[in-house]
Amino acid sequence: TALAEVALLRDADLARARELADEALAVLAEASEARFDALRLRGEIAWVPGDLAEGGRYAGEALEAARALGRKDLEAKAIYELANTHALRMRYEEAEPLLERARQLADESGSITARATAARAFGAFLRQQGEIDQAEALLSEAAGLFAEAGIADGEAYALGWLGWSAFVRGDLARAERLFRDVVRILTPLEDRGFLPEGQRGLAEVLLAQGRVEEAERLALAARDTVSPWDITSRASTTMALGLVRAAQGRDEEAESLLREALALLEPTDFRRVELEPLAALAEFLVARGRHEEAEPLLARLGSALPGAALGRADAVAAALRVHASS
């Protein structure tokens, strides 16, 4: 299981990670914490290229293993994975009660890592709903708990979500600090899971500050770091470079990259993740007076958005305002 995690997060070797995780599961036939860990990782391996159905199946098996062990901390983590499967499909009414249950179990367990994971998951969910104040409180709690437990990647993930909240609020200085912390924490770990998101987040913040050359370096670094199998981060890093190219006046390349980012996600069930490149492309077209081409994108955004959406909430809001006025 540990070797599978290294193959996935450091080497970006999806086939090897799957092979190792399956080998671990073949050995671990009985319910145990080790089998739970292998099932959770196997689910993550399925999610990376976009197979949410398979990922959800492994999360369900992990939940059964946790309950067989009577471990509330493990049960909370498995429920979070199931909730995330629903949230990625934008089935928020199904995700919310699961996240509430995961937080309750985590609190009852007394486990720092379970509490941290549940707080981060619920905070990220509330962030997607536009409940910024409540989200930030939970994400700050999660970052502190992960730091206390010495779990660096968990802390970085929570800080990244806080970075997007600061970005949406317009506090670009704080957003920059948070994303730099994400990059600082994850770079020495050779992490290729969340590090590209930290790099592209920092690139977008720098771009919003008009620091285009610095943004370009970070956007290119993110593209180099991302795993070729990681559909969501491939899309987000492609979008970030497209935004940089647009700021540089390289419109043909920018549009190609923004369309590529959206095309990567369209065959998948990652409906929530699709909102960012959808908004970025709509904003690009509207800014160039191409309202007719932007219209179907804006219609999709208008029907999908539950609230403030994701990191590019400012772009979404601007696009929708134009849509409403027309």
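Note: the structure precedes this text.
Here is a short report on the structure shown in this document. Remember, predicted model here, so these are calculated numbers, not experimental data.

Let's shift gears to the overall build of the chain. Within the chain one finds 17 helices and zero strands. Rg of the C-alpha trace for the chain: 19 Å, near the compact-globule value of 20 Å for 326 residues, within the 12% margin. Along the first, second and third principal axes, the C-alpha atoms of the chain reach 60 × 35 × 35 Å. Counted over contacts in the chain with a minimum sequence separation of 6, partners at least 24 positions apart contribute 59%. Accessible surface, the chain as shown: approximately 13,400 Å² in total, 49% of it carbon and sulfur.

Its place among the elements puts Leu297 in helix H16 (residues 291-304). Taking the relative accessible area as the measure of exposure, Leu297 reaches 9% and is therefore buried. For the pair formed by Leu297 and Ala222, sequence separation is 75 residues and the distance between their alpha carbons is 26 Å. When residues no more than four places from it in sequence are discounted, the contact partners of Leu297 are Leu262, Leu278, Leu281, Ala282 and Leu285.

Here we come to the pattern of salt bridges. In this structure the tally under the stated criterion is 36 salt bridges. Arg42 is the partner of Glu54 in a salt bridge, and the nearest nitrogen-oxygen pair spans 3.7 Å. Remark: Arg42 occurs in helix H3 (residues 33-47) and Glu54 occurs in helix H4 (residues 52-69); sequence separation between them is twelve residues. You can call Arg42 buried: its relative accessible area is 4%.

With 70 residues, the main nonpolar core has Leu99, Phe125, Leu159, Leu186, Leu258, Leu297 and Leu301 as its most contacted residues. If you look at the next biggest cluster of nonpolar residues, it comprises 30 residues, including Leu39, Tyr58, Ala62 and Leu265.

Here helix H10 (residues 172-186) crosses helix H11 (residues 195-208) at 155°, and the two axes come no closer than 9 Å. As judged from the angle between their axes, H10 and H11 are roughly antiparallel. As for how H10 packs across H11, the hand of that crossing is left-handed. Between H10 and H11, the residues in contact are Leu172, Ala175, Glu176, Phe179, Arg180, Val182, Val183 and Leu186 and Leu195, Glu197, Gly198, Gln199, Gly201, Leu202, Val205, Leu206 and Ala208, respectively. For the contact of H10 with H11, a count of residues per class yields eleven nonpolar, three polar and three charged.

Turning our attention to the packing of aromatic side chains. The geometry of an aromatic ring pair is captured by two quantities: the separation of the ring centres and the angle between the planes. Overall, the coordinates contain five aromatic pairs when judged by the stated rule. Aromatic side chains Tyr92 and Phe125 sit 5.8 Å apart centroid to centroid with 65° between the ring planes, which places their arrangement in the edge-to-face category. Placement of Tyr92 in helix H6 (residues 92-109) and of Phe125 in helix H7 (residues 112-128) is noted, with a sequence separation of 33 residues between them. The class for Tyr92 is buried, based on a relative accessible area of 9%. Note on Phe125: relative accessible area 4%, which makes it buried. Seen from their ring centres, Phe122 and Phe125 are 6.2 Å apart, and the 45° between their planes marks the pair as tilted. One end of the pair is Phe122 and the other is Phe125, both in helix H7 and three residues apart, which spans about a single turn. Judged by relative accessible area, Phe122 falls into the buried class, the value being 11%. By the ring-pair criterion, three or more aromatic residues cluster together here, those being Tyr92, Phe122 and Phe125. Stacked on the ring of Tyr58, the Lys or Arg Arg57 has its end atom at 4.5 Å from the ring centre.

Let us now look at helix H13 (residues 231-247). Taking 1.5 Å per residue as the helical rise, H13 with its 17 residues ought to reach 24 Å, and the 25 Å between its terminal C-alpha atoms agrees with that figure. Where burial is concerned, most of H13 is hidden: 15 out of the 17 residues are buried. In the segment just after H13, Gly249 is the residue with positive phi, at about 80°.

What follows is about the packing of H3 against H4. Where H3 meets H4, the closest approach of the two axes is 7 Å, and the angle between their N-to-C directions is 165°. In terms of their interaxial angle, H3 and H4 are classed as roughly antiparallel. In this structure, H3 crosses over H4, and the sense of that crossing is left-handed. Counted together, Glu33, Arg35, Phe36, Leu39, Arg40, Arg42, Gly43, Ala46 and Trp47 of H3 and Leu52, Glu54, Gly55, Gly56, Tyr58, Ala59, Glu61, Ala62, Ala65, Ala66 and Leu69 of H4 form the full contact between these two elements. Of the residues assigned to the contact of H3 with H4, the class counts are eleven nonpolar, three polar and six charged.

Right, let's get into unusual backbone geometry. Among all residues save glycine, negative phi is the norm, and among peptide bonds the norm is trans. With a phi close to 55°, Ala12 is a non-glycine residue in the positive phi region. Relative to the helices and strands, Ala12 is located in the loop between helix H1 (2-9) and helix H2 (14-27). Backbone geometry places Met90, a non-glycine residue, at a positive phi of 65°.

Cut-off values and rules
Residues numbered from 1 in each chain as written. Predicted model: local features only at pLDDT ≥ 70, side-chain atom pairs only at ≥ 80, totals over all residues. Heavy atoms only, no water. Helix = DSSP H or I, 4+ residues; strand = E, 2+ residues; numbered from the N terminus. Rg over C-alpha atoms; globule rule 2.2 N^0.38 Å. Contact = heavy atoms within 4.5 Å. Areas by Shrake-Rupley, 256 points an atom, 1.4 Å probe, with all protein chains shown as cover. Buried < 20%, exposed > 50% of the residue type's maximum accessible area, 1.4 Å probe, protein only. Salt bridge = Lys/Arg side-chain N within 4 Å of Asp/Glu carboxyl O. Core = buried A, V, L, I, M, F, W, Y, C linked by side-chain atoms within 4.5 Å. Axes fitted to C-alpha atoms, helices over the stretch in contact; angles between N-to-C directions. Parallel < 35°, antiparallel > 145°, perpendicular 65-115°, else oblique. Left-handed = near helix turned anticlockwise from the far one by under 90°. Nonpolar A, V, L, I, M, F, W, Y, C, P; charged D, E, K, R; others polar. Phe/Tyr/Trp six-rings, centres within 6.5 Å; stacked < 30°, edge-to-face > 60°. Lys NZ or Arg CZ within 6 Å of the ring centre and 35° of its normal. Expected span 1.5 Å × (residues − 1).

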